Amino acid sequence: MIRAAGVAEVTDADFEAEVIGAELPVLVEFTADWCPPCRQMGPVLSALAAEERERLKVVQLDVDTNPETTQAYKVLSMPTFLVFKGGEPLKAMVGARPKRRLLAELDDVL
């Protein structure tokens, strides 16, 4: 998987600990190597992770190697972004977007 700099990778094995059990809200990008829009999101997620690290945890999950979590949240398109807060998925967004739009969409959960 092509990881965004400064963005942790989560797996089926550690999803519960890293995302469900996180103290901060968590933005999860469901991504895949074969997905061009996912690659476009790399710099956006890196910037977001750096700028919002006090308020938001940003992670990536490779759908090809983590089918359990992908199926559990019924993720069908890449990239899909899910925002978790207090262990619950609060918001889902599908498709690449510019950082400004992504921040605006996260406003109500931060």
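In case you missed it, the structure is sitting above this.
Please read these numbers as outputs of a predicted model, since none were measured by experiment. (Residues numbered from 1 in each chain as written. Predicted model: local features only at pLDDT ≥ 70, side-chain atom pairs only at ≥ 80, totals over all residues. Heavy atoms only, no water.)

1. Examining the pairing of strand S4 (residues 80–85)
Alright, step 1. Among the 6 residues in S4, 5 count as buried, and that is most of the element.
Alright, step 2. As defined by bridge partners, strand S2 (residues 26–31) adjoins S4 across 5 bridges and the pair is classed as antiparallel. Counted as the bridge partner of glutamate 29 is phenylalanine 81 from S4.
Alright, step 3. Note: S4 against strand S5 (residues 88–94), 6 bridges, orientation antiparallel. Looking at S5, one finds that threonine 80 is bridged to valine 94. (Buried < 20%, exposed > 50% of the residue type's maximum accessible area, 1.4 Å probe, protein only. Helix = DSSP H or I, 4+ residues; strand = E, 2+ residues; numbered from the N terminus. Pairing = 2+ DSSP bridges.)

2. A look at the pattern of salt bridges
Alright, step 1. As enumerated under the stated definition, the model contains 6 salt bridges in all.
Alright, step 2. For glutamate 18, the salt bridge is made with lysine 57, and the minimal N-O distance between the two is 2.9 Å. Residue glutamate 18 is found in helix H1 (residues 15–20), and its partner lysine 57 is found in strand S3 (residues 57–62); the two are separated by 39 residues along the sequence.
Alright, step 3. Looking at glutamate 18, the relative accessible area reads 31%, which means it is partly exposed.
Alright, step 4. A residue is classified by how much of its surface remains accessible, and lysine 57, at 23% relative accessible area, is partly exposed.
Alright, step 5. The shortest N-O distance in the salt bridge between lysine 91 and aspartate 108 comes to 3.1 Å. Linking lysine 91 in strand S5 with aspartate 108 in the segment after helix H4 (99–106), this pair joins segments that are 17 residues apart in sequence. (Salt bridge = Lys/Arg side-chain N within 4 Å of Asp/Glu carboxyl O.)

3. A short note on the state of the cysteines
Alright, step 1. Scanning the model with the defined rule gives 1 disulfide in all.
Alright, step 2. For cysteine 35, the disulfide goes to cysteine 38, at an S-S distance of 2.2 Å. Around the S-S axis, the bridge from cysteine 35 to cysteine 38 shows a dihedral of about 85° and counts as right-handed. Cysteine 38 matches cysteine 35 in its accessibility class, with the two residues each being buried. (Disulfide = S-S within 2.5 Å.)

4. Here's the deal with the nonpolar core
A general trend in soluble globular proteins is that nonpolar side chains are found buried together.
Alright, step 1. In terms of nonpolar packing, the biggest core is built from 17 residues, with Phe15, Val19, Val26, Val28, Phe30, Met78 and Phe84 touching the most fellow members.
Alright, step 2. Taken together, the elements giving at least two residues each to this core come down to H1, S2, S3 and S4.
Alright, step 3. Looking at this core, the element that brings in the most residues is S2, giving 3 residues.
Alright, step 4. Once residues within four sequence positions are removed from consideration, valine 26 is found in contact with Glu18, Val19, Leu56, Lys57, Val59, Leu82, Val83 and Phe84. (Core = buried A, V, L, I, M, F, W, Y, C linked by side-chain atoms within 4.5 Å. Contact = heavy atoms within 4.5 Å.)

5. Digging into the packing of helix H2 (residues 36–51) against H4
Alright, step 1. Across the interface, H2 lies against H4 with an axial gap of 10 Å and an inter-helix angle of 50°. Here H2 is positioned oblique relative to H4, judged by the angle of their axes. Handedness of the H2/H4 crossing: right-handed. Contacts from Met41, Val44, Leu45, Ala47, Leu48 and Glu51 of H2 reach H4 at Lys99, Leu102, Leu103 and Leu106.
Alright, step 2. Along the lines of polarity and charge, the residues of the contact of H2 with H4 split into 8 nonpolar, no polar and 2 charged. (Axes fitted to C-alpha atoms, helices over the stretch in contact; angles between N-to-C directions. Parallel < 35°, antiparallel > 145°, perpendicular 65-115°, else oblique. Left-handed = near helix turned anticlockwise from the far one by under 90°. Nonpolar A, V, L, I, M, F, W, Y, C, P; charged D, E, K, R; others polar.)

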